[in-house]
Amino acid sequence: MIIATWNVNSIKVRADNVVRWLEEVKPDVLCLQEIKSIDENFPNEKFEDLGYNVAVHGQKTYNGVAILSKHPIEDVTKGLPGNNTDEQARYLEAVITTDQEVVRVASIYLPNGNPVESAKYPYKLEWMDHLIARANSLLEFEEPFVLAGDYNVIPTDDDVHNPSGWWGDALYRQETLDKYRTLIELGLTDAFRTCHAQPHRYSFWDYQAGAWQKDHGIRIDHLLLSPQAADLIKGADIDAHTRGWEKPSDHVPAWVELNL
DNA sequence: ATGCCGGGCGAAGCCCGA
């Protein structure tokens, strides 16, 4: 089973690229972020035509997350449990069931947090606290789950083209990394990093200043696996080639294949 | 370059992203 994540930066503009990638890779599940669409305007039909079920937690203009799945989508949760006052659509969780197996999947759009001296940064840190609490609760079930999405966190120097230039940014500073480490140390596994030791593999390149052409990227889109899911890892990768397509998102798909 | 692109909104120019 292939489970993927992709920040598409507007589903309206990116629907055809998503269809193209779905036909190419045929993932079982695709978590989408930054759809920038309300539920009613999400192009369900384009994905249903390819055999995907659709769950959407949308929002007008900003944010918005969705899950596409070839298998039934059950037990859908919109918003981070325990974070009921959050006005921003950044979390969608569901249970994916196959004939044999069950895997829980969350589509996550973690706040950017810049500028760090604004209220946006404490909002990011508090949002991470809620995510940590949710992961902790899910771990008690001792079942396979995948928390997939745009984390807006650069985990290490190996995940950024210019570490010293980025240090201090909301994506790459001590308080952010402390929270991220707390999440990981609950017992989660970074799917890409456990399969690839090579540094400087990225999932985002800015639209500006020729960042893609110069490979000035960062790795901020992650699939974090519970121990029961990590035991099933067959492979993982990042599909950078979509960044070279016409009308690309600034993010590219990342995926994990599980023996499910 | 604390916004050079790109998208939303809405019909010019501002807000937002990482």
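Note that this is a predicted model, so its numbers are computed, not measured. (Residues numbered from 1 in each chain as written. Chains lettered and ligands numbered in written order. Predicted model: local features only at pLDDT ≥ 70, side-chain atom pairs only at ≥ 80, totals over all residues. Heavy atoms only, no water.)

**Student:** Which parts of the structure should I look at to understand the sheet that holds strand β4 (residues 65-69)?
**Tutor:** One open sheet accounts for six strands, arranged β3-β4-β2-β1-β14-β13; its pairing is mixed. Both outer strands of the open sheet, β3 (53-57) and β13 (233-238), are each paired with one neighbouring strand and no more. Within the sheet, the average angular offset between the axes of one strand and its neighbour, ignoring direction, is 10°. When strand β1 (residues 2-7) meets strand β2 (residues 29-33), the two strands line up parallel, connected through five bridges. Paired with isoleucine 3 across the strands is valine 29, a residue of β2. (Pairing = 2+ DSSP bridges. Helix = DSSP H or I, 4+ residues; strand = E, 2+ residues; numbered from the N terminus. Axes fitted to C-alpha atoms, helices over the stretch in contact; angles between N-to-C directions.)

**Student:** Whenever I open this one, the packing of aromatic side chains confuses me. Can you help?
**Tutor:** Any pair of aromatic rings gets described here by the distance separating the centres and the angle formed by the planes. Applying the stated criterion to the full structure yields six aromatic pairs. Aromatic side chains phenylalanine 42 and phenylalanine 47 sit 5.8 Å apart centroid to centroid with 45° between the ring planes, which places their arrangement in the tilted category. A relative accessible area of 0% places phenylalanine 47 in the buried class. Between the aromatic rings of tyrosine 202 and tryptophan 205, the centroid separation amounts to 6.3 Å while the plane-to-plane angle is 75°, which identifies the pairing as edge-to-face. Of the two residues, tyrosine 202 and tryptophan 205, both sit in the buried class. What links up through ring pairs into an aromatic cluster is the set Tyr202, Trp205 and Trp212. Against the face of tryptophan 245 rests arginine 20, its NZ or CZ located 3.8 Å from the ring centre. (Phe/Tyr/Trp six-rings, centres within 6.5 Å; stacked < 30°, edge-to-face > 60°. Buried < 20%, exposed > 50% of the residue type's maximum accessible area, 1.4 Å probe, protein only. Lys NZ or Arg CZ within 6 Å of the ring centre and 35° of its normal.)

**Student:** Which parts of the structure should I look at to understand the sheet that holds strand β12 (residues 221-225)?
**Tutor:** The strands making up a sheet are joined through hydrogen bonds of the backbone, oriented either antiparallel or parallel. Taken in spatial order, the six strands of this open sheet run β5-β6-β7-β8-β12-β9, and their pairing is mixed. At either margin of the open sheet sits one strand with a lone partner, and together these are β5 (73-78) and β9 (189-190). Note that β9 and β12 share two bridges and pair antiparallel. Bridged to threonine 189 within β12 is leucine 225.

**Student:** What's the story with the protein's contact with DNA strand B in this structure? I'm lost.
**Tutor:** Around DNA strand B, the surrounding shell holds 26 residues, and the nearest of these are Ser10, Asn112, Gln208, Ile218 and Lys247. The side chain of threonine 61 places a nitrogen or oxygen atom 3.1 Å from a phosphate oxygen of DNA strand B. At a separation of 3.1 Å, a phosphate oxygen of DNA strand B approaches a polar side-chain atom of lysine 120. When its residues are assigned to classes, the surface near DNA strand B shows nine nonpolar, nine polar and eight charged. (Near = heavy atom within 4 Å. Polar contact = N/O pair within 3.5 Å; in protein donor to acceptor, adjacent residues only side chain to side chain. Nonpolar A, V, L, I, M, F, W, Y, C, P; charged D, E, K, R; others polar.)

**Student:** Mind showing me how you'd approach the pattern of salt bridges here?
**Tutor:** Where charged atoms from two side chains of opposite charge come close, those side chains can pair. The tally for this structure, following the rule as stated, stands at 13 salt bridges. Between lysine 179 and aspartate 129 there is a salt bridge; the shortest N-O distance is 2.8 Å. Residue lysine 179 is located in helix α5 (residues 174-184), and its partner aspartate 129 is located in helix α3 (residues 120-139); the two are separated by 50 residues in the primary sequence. In this structure, glutamate 175 and arginine 173 form a salt bridge, with 3.3 Å as the shortest nitrogen-oxygen distance. Overall, the relative accessible area of 38% leaves glutamate 175 in the partly exposed class. What emerges from the salt-bridge pattern is a single network uniting Asp75, Glu93, Arg104 and Arg134. (Salt bridge = Lys/Arg side-chain N within 4 Å of Asp/Glu carboxyl O.)

**Student:** Just to check I follow, could you spell out helix α1 (residues 11-25) for this structure?
**Tutor:** For an α-helix, 3.6 residues make a turn, and residues three or four places apart therefore share a direction. The axis of α1 is deflected most strongly, by about 30°, at asparagine 17. Regarding α1, the residues found buried are Ile11, Arg14, Ala15, Asn17, Val18, Val19, Trp21 and Leu22. Where α1 is buried, its residues meet β1, β2, α2 (44-48), β4 and β14 (254-258). Positive backbone phi, at 55°, marks lysine 26, one or two positions downstream of α1. (Bend = angle between axes of the 7 residues up to and from the residue. Contact = heavy atoms within 4.5 Å.)

These figures come from the coordinates and say nothing about function on their own.
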